[in-house]
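# Structural overview for review
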Amino acid sequence: DSKYRIIKVPHMADSITEGTLKSWAKQVGEQVEQDEEVASIETDKVDIPVNSPVSGVLREFLANEEDTVVVGQDLFKIEEGAVSEGGASKPKAEEEAPAAAAEAPKKEETAPAQPAAPTPTPAPQQASKPAPAPAPKETKAAPTSPVQFGTSNRSERRVKMNRMRLRIAERLKQSQDTAASLTTFNEIDMTNLIDLRKTYKDDVLKSHGVKLGYMGAFVKASTHALQAVPEVNASIDGDHLVYYDYCDVSVAVATPKGLVTPVLRNTERMSIVDVEQEIANLGKKARDNKITVEDMAGGTFTISNGGVFGSLYGTPIINMPQAAILGMHAIKERPIVVNGKIEIRPMMYVALSYDHRIIDGREAVTFL
């Protein structure tokens, strides 16, 4: 029948050929509008929504949730141009379920009213007699019950790792097994940058609609350092070193599903405000689960800010095939010697993990 169309798993990205069908947004028999999401496919990088190219009624699932599906595979059947008629019966069933659920709490509410009746009689007796002393003793002696509490906490759950988590684990282990990783540290007096932010943050917010943070300044400082020390902005390809004349900075963003690294492209052409705007846009996309593979492709250098979680000190893992990663940390006030005097200054530790096959200690320290 020409009215029926088989919708296939769409092309997702050059490097992605398969994924896991995580959920159906529509059910068989429901009305589907053109470009409306019908299913979601989880890949090792992002979640790919599958939208219907036409309006109609969903007639059949050709794959089940948690199935591995490949590009071009038949996914679902839709009757083009049809209008759903039996959709009203399902909502009625759904209305009956909450109605039944509403009755259950009502019964539960009446049940506690019965034990509430005996309580008033012991209450005045305890108030009139000095007997309440033994009562708290009994409640204090009751800590024998932790046995039940302890046993309830000894349960365990097995949760299948999602594709993104598996891919992150694979990439991190690949980095440790491949790179000759080394980390060097330094500390930064944040006084001037904090003063700069306080001075201009309101103007920037009013003029550009973006909050002025610290990441913009660190991205721009790193960009200048990458241009001054090209070994840090390089990678290994076989027996060749590849030096990049542009700076594409990956910024680590934490999401509920795992760590993603969207890329700020050509940061050598961007101002601090431009960087902040792009970080805000990419961060929102990542948190809304709308980040694309193209947003994360490439990158010549990575910055990870563990300071937003309170990390004082850490050694970041290199994002292969890049040569280095900068780790920012929490700003803490510490006593520092300034011109022979001890002063309290806001300080941040920074760490540069780098691939010693490409970068020597001199270049790493110079970069920091």
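Structure shown above.
Right, let's walk through the structure included here. (Residues numbered from 1 in each chain as written. Predicted model: local features only at pLDDT ≥ 70, side-chain atom pairs only at ≥ 80, totals over all residues. Heavy atoms only, no water.)

### Some remarks on the packing of aromatic side chains
Spelled out, the test is: Two aromatic rings, drawn from Phe, Tyr or Trp (for Trp, its six-membered ring), form a pair once their centres lie within 6.5 Å of each other, and the interplanar angle then sorts them: stacked below 30 degrees, edge-to-face above 60, tilted otherwise. Secondary structure counts use DSSP, requiring at least four H or I residues in a row for a helix and at least two E residues in a row for a strand, with both numbered from the N terminus. A 1.4 Å probe rolled over the protein chains alone gives each residue an accessible area, and that area as a share of the maximum for its type sets the label: buried under 20%, exposed over 50%, partly exposed in between.
Tallied over the full model, the rule gives 6 aromatic pairs. For the pair Trp24 and Phe76, a centre-to-centre distance of 6.1 Å together with 85° between the ring planes defines the contact as edge-to-face. With Trp24 in strand 2 (residues 18-24) and Phe76 in strand 8 (residues 74-80), this pair connects stretches of sequence that are 52 residues apart. A residue is classified by how much of its surface remains accessible, and Phe76, at 0% relative accessible area, is buried.

### Overview of the pattern of salt bridges
Our working definition: Every case where a carboxyl oxygen of Asp or Glu lies within 4 Å of a side-chain nitrogen of Lys or Arg is listed as a salt bridge.
The full count for this structure, using the stated rule, is 15 salt bridges. A salt bridge links Glu36 to Lys26; the shortest N-O distance between them is 2.9 Å. In this pair, Glu36 sits in the loop between strand 3 (31-32) and strand 4 (37-42) while Lys26 sits in the loop between strand 2 and strand 3, placing the two residues 10 residues apart along the sequence. Looking at Glu36, the relative accessible area reads 24%, which means it is partly exposed. With relative accessibility at 15%, the residue Lys26 sits in the buried group. Bridged by salt links that share partners, the residues Asp189, Glu343 and Arg345 form one connected network.

### A word on helix 8 (residues 272-287)
To keep it simple, the criterion reads: Helix span, as expected, comes to 1.5 Å for every residue beyond the first. By definition, residues are in contact when any of their heavy atoms lie within 4.5 Å.
Compared with the 22 Å implied by 1.5 Å per residue over 16 residues, the 22 Å span of helix 8 between its first and last C-alpha is a close match. Contacts made by the buried residues of helix 8 are with helix 6 (191-208), helix 7 (215-228), strand 13 (253-255), strand 14 (258-260), strand 15 (263-264) and helix 9 (293-296). Among the residues trailing helix 8, Asn289 stands out with phi positive, at a value near 60°.

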